[in-house]
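Spelled out from the first residue to the last, the chains are:
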Amino acid sequence: MSAAKGLPVERMALVTKRDLKVAALVLGICCSAHALAESLPLVSGNDYAPYADEKLPHGGMATEIVQKAFEAAGLKSHIDWLPWARNLAAVQSGRYAATYPYRKTAERKRDFYFSEPVFESEERIFARRGSKLNGADLSSVLKKRICLPPGWSAPDPIATLLAKEKIQVERPNDISTCIRMIAVGRADFFVTDGIQGRATLAQIRQQDVVQMPGVVARSAYHLLTARNNEHAVRWLNAFNQGLAQLKKSGAYRRIVLEHGGE
C-alpha cells in the first residue's frame, strides 16, 4: 500500500495516466485557441494602387477591407509586404495565415482556399496612346507583347492566348516598370483592373500609356489561405463572416469610396 492517502500503487498509476491525458488534451486546446487568438500574420505586395501598397492610406482599399473584416470577426491582424512572386509560397510554408488580393486560377485552386470576393473588377487593356488594341476584340493583341510581372496572373481569355503562344510575354519586376517599358516600345500592353491601371498611371505620372476600349473580362479578387494549414478553413470562415458584416453595415461601401473605388 502507498503511504499517500492509502491508495494502491496500481490505482495511483491509472489516475496519473488519466490525468496526463486530460492535461495534454486541455493543453492542446489552449494552444490551438491561443494560436487563433494571436494577431494573424498576413502578407501582400506593393505597387497595386489603390488596392494594396504600404505607402497608401491603410495599406490600400483591399488591405483595409481585409483587416476590418477580420476585426469584425474578432481577429486581430498585421501586414507584411513582400514581392508578389513570394507571397503564395510564404503562405504555403505557414509563415503567414493568408494573402490577398488574388484572382482564381486552376493552379492556385489546387493549393489554396478562396474567400468570398474582396472586390470585383473589370479587366482592361492598357497600351501606348494611339494603339489599336481593344479588350472586346482580342484578335487585336495577337502577336503582341504582354507585360506580366512575376506573381501576377492574366485573366482567362488572355491566359488562353498565352498558353497557345499567340502572344509573347515580358516579365519585369513590377507593374510600374511594365508601364515604362510600354511607353518606350519594349512591350505592347498590360491587363489589369481598370481602377488599378488608372491609379498606377496617375501615381507614376505617365501620360503616354492609356486605357484601351473594351472589357477583357470581369474578375473577382480574393483572400487566400493554404490548404495545408489546419486553421485555414476557420480563418476563411471568420473572414467571410466579417466581410458580410462590413457589407451589411455599410462600412464596406464607405471604404471603397474613400479609396477611389466605384
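The structure we're discussing is the one just above.
Caption draft 1: Highlighting the nonpolar core. Counting residues in each nonpolar core, the largest one holds 72 residues, and the members touching the most others are Ile125, Ile158, Phe189 and Leu223. Element by element, the count of residues in this core is highest for strand β9 (residues 209-226), at 9 residues. With residues near it in sequence (within four places) discarded, Phe189 still touches Ile125, Phe126, Ala127, Leu133, Val141, Lys144, Arg145, Ile146, Cys147, Ile158, Ile167 and Ile182.

Caption draft 2: Layout of the pattern of salt bridges. Scanning the model with the defined rule gives 6 salt bridges in all. Its salt-bridge partner being Asp53, residue Lys55 comes within 3.2 Å of it at the nearest N-O pair. According to the relative accessible area criterion, Lys55 is exposed, its value standing at 66%. In this structure Asp53 comes out as buried when scored by relative accessible area, which is 2%. A salt bridge links Glu123 to Arg103; the nearest nitrogen and oxygen atoms lie 3.2 Å apart. Remark: Arg103 occurs in strand β3 (residues 98-103) and Glu123 occurs in strand β5 (residues 119-128); sequence separation between them is 20 residues. A residue is classified by how much of its surface remains accessible, and Glu123, at 0% relative accessible area, is buried. In the salt-bridge network here, residues are joined through shared partners; they are Glu122, Arg124 and Arg218.

Caption draft 3: Region of interest: the state of the cysteines. In this structure the tally under the stated criterion is 1 disulfide. The disulfide that involves Cys147 links it to Cys178, with 2.1 Å between the sulfurs. Disulfide Cys147 to Cys178: torsion about the S-S bond roughly -90 degrees, handedness left-handed. On the criterion of sequence distance, the pair formed by Cys147 in strand β6 (residues 145-147) and Cys178 in helix α6 (residues 175-183) is long-range, its members being 31 residues apart. By the burial criterion, Cys147 is buried, and Cys178 matches it.

Reading the values: the criteria
Residues numbered from 1 in each chain as written. Predicted model: local features only at pLDDT ≥ 70, side-chain atom pairs only at ≥ 80, totals over all residues. Heavy atoms only, no water. Core = buried A, V, L, I, M, F, W, Y, C linked by side-chain atoms within 4.5 Å. Buried < 20%, exposed > 50% of the residue type's maximum accessible area, 1.4 Å probe, protein only. Helix = DSSP H or I, 4+ residues; strand = E, 2+ residues; numbered from the N terminus. Contact = heavy atoms within 4.5 Å. Salt bridge = Lys/Arg side-chain N within 4 Å of Asp/Glu carboxyl O. Disulfide = S-S within 2.5 Å.

As far as function goes, none of this settles anything; it's purely spatial.
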